[in-house]
Amino acid sequence: MSDENSQAQPETTAQPDGKAAVAVATEKADTRPWAPSAAQVLRFADAEEVAEAAAKKVAETVKKAVEKNERCIVALAGGNTPRRLYEKLAAEPYRDEVPWTKTYFVFGDERCVAPDDEASNHRMAQELLFTPLEIPAHRVLRMKGEQVPADAARRYEVRLKDLFLNQPKRHFDLVLLGVGADGHTASLFPGTAALAEEEKWVAANEVPQLEAWRLTLTLPALNSARRVILLATGEEKARVIAEAFCGVKHDEPYPCERVAPYHAKREVLVDAAAASQIPPKK
Ligand code: 6PG
């Protein structure tokens, strides 16, 4: 476990495995309206340790939410980073110790492809999580990437409203997110229209950088979360981690930086490579 100093006074928090996770930077809450909660950056030696630490946090969050509300609603991240986390959650000890039968899964975003397409986030979660944990389809809200994007977004919005029916305040108990090298998260890419959405929870987002459409939860939806865990591993994420979460000066706020729910824990789990540009303690 890396214990280099960093810009902020590092605080070490004992981890269940006995290794100290050095919180390398706990930013003071930013004054900008969209960043009311501090981000806690936790550095781990490698991607495997990031996945193990994330699995522990997911398990703890689901157990607490089910104890409190008799159910838990988790928004899953897409892409490659969460793959190892999902494999861990579907294996011992998490397979048996977490109340998966009371857990509902939604998606942070989806590519506009068929569900059996290699690029589908749903397909990845189905293979690594839902099938091994025998999660029935009625507890998985699939974003229908095969439909016309605007229709799929509108229909997903209705399904989310049904999920929260009769609940005074709609919120996700946990949102899992990856971080792109350009600072995108879910499918909220820099400069794209969905970033400006302030009401709807789901958007069809045209992403010129990819020459593609995506379906994505919006900032209002992500910022409803009671807990946000962002995962980033690899050198290519180092600059955005240092700038978005560790106080290194940059111009435009990144989309990932704007996921900052009020009064919610926001943790950024990084491996040494993704932490490599975090400034040393002055
Ligand atoms: C997606 C994700 C996206 C992802 C980042 C990081 O559908 O691709 O939701 O936001 O989390 O692009 O991707 P990697 O984990 O593959 O680096």
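Everything discussed here concerns the structure shown above.
Residues numbered from 1 in each chain as written. Predicted model: local features only at pLDDT ≥ 70, side-chain atom pairs only at ≥ 80, totals over all residues. Heavy atoms only, no water.

## A word on the overall build of the protein
This is how the line gets drawn: Numbering goes from the N terminus for both helices and strands, where a helix is a DSSP run of H or I of at least four residues and a strand is a run of E of at least two. Note on classification: 1.4 Å probe, protein chains only; a residue is buried when its accessible area is under 20% of the maximum for its type, exposed when over 50%, partly exposed between these limits. Here a residue-residue contact requires only that any non-hydrogen atoms of the pair lie within 4.5 Å. In short, Shrake-Rupley with a 1.4 Å probe defines the accessible areas, and a residue's cover is counted only from the protein chains shown.
For the protein, the count of helices and strands is seven helices and 11 strands. Buried residues in the protein amount to 53% of all 282 residues. Intrachain contacts of the protein at a sequence separation of at least 6 include 69% that bridge at least 24 residues. When the accessible surface of the protein is summed, it comes to about 12700 Å², and 51% of that surface belongs to carbon and sulfur atoms.

## Describing unusual backbone geometry
In this model, Glu92 is joined to Pro93 through a cis peptide bond whose omega is -5°. Summarising the element assignment, Pro93 is placed in the loop between helix H2 (83-89) and helix H3 (94-97). Unusually for a residue other than glycine, Glu70 sits at a positive phi of about 65°. Overall, Glu70 belongs to the exposed group, its relative accessible area being 61%. The phi dihedral of Glu134 is positive, around 55°, even though this residue is not glycine. Examined against the element boundaries, Glu134 turns out to sit in the loop between helix H4 (121-130) and helix H5 (149-163).

## Quick notes on the pattern of salt bridges
Rules: Salt bridges are counted wherever a side-chain nitrogen of Lys or Arg sits within 4 Å of a carboxyl oxygen of Asp or Glu.
On inspection of all chains with the given rule, the structure shows 16 salt bridges. Glu157 is the partner of Lys161 in a salt bridge, and the nearest nitrogen-oxygen pair spans 3.9 Å. Residue Lys161 and its partner Glu157 are located together in helix H5, separated by four residues, close to a single helical turn. A relative accessible area of 44% means that Lys161 is categorised as partly exposed. Across the pair Arg239 and Glu243 runs a salt bridge, and its minimum N-O distance is 2.9 Å. Here Arg239 and its partner Glu243 are both found in helix H7 (residues 238-245), four residues apart, which amounts to about one turn of the helix. On the basis of relative accessibility, which here comes to 8%, the residue Glu243 falls in the buried class. Shared partners join several salt bridges into a network, and the residues in it are Glu48, Glu52, Lys56, Arg84, Glu87 and Lys88.

## Structural notes on the pairing of strand E4 (residues 72-76)
To be explicit about the condition: Pairing between two strands requires that DSSP report at least two bridges joining them.
Burial analysis of E4 places five of its five residues in the buried class, the great majority of the element. Where E4 lies against strand E5 (residues 103-107), five bridges are found, and the strand directions are parallel. Along E5, the bridge assignment pairs Leu76 with Phe107. Sheet topology note: the E4/strand E7 (residues 174-178) ladder contains two bridges and is parallel. Bridged to Ala75 within E7 is Val175.

## Here we look at the nonpolar core
Note the cut-off: Each nonpolar core is a collection of buried residues, namely Ala, Val, Leu, Ile, Met, Phe, Trp, Tyr and Cys, held together in the definition by side-chain atoms within 4.5 Å.
Counting 83 residues, the largest nonpolar core has Leu76, Tyr86, Leu160, Phe172, Leu176, Leu217 and Phe245 as its most contacted members. In terms of residue count, helix H1 (residues 47-69) provides more of this core than any other element does, nine residues in total. Those residues in contact with Leu176 that sit more than four places away from it in its chain are Val58, Val74, Ala75, Leu76, Ala77, Leu85, Tyr86 and Ile229.

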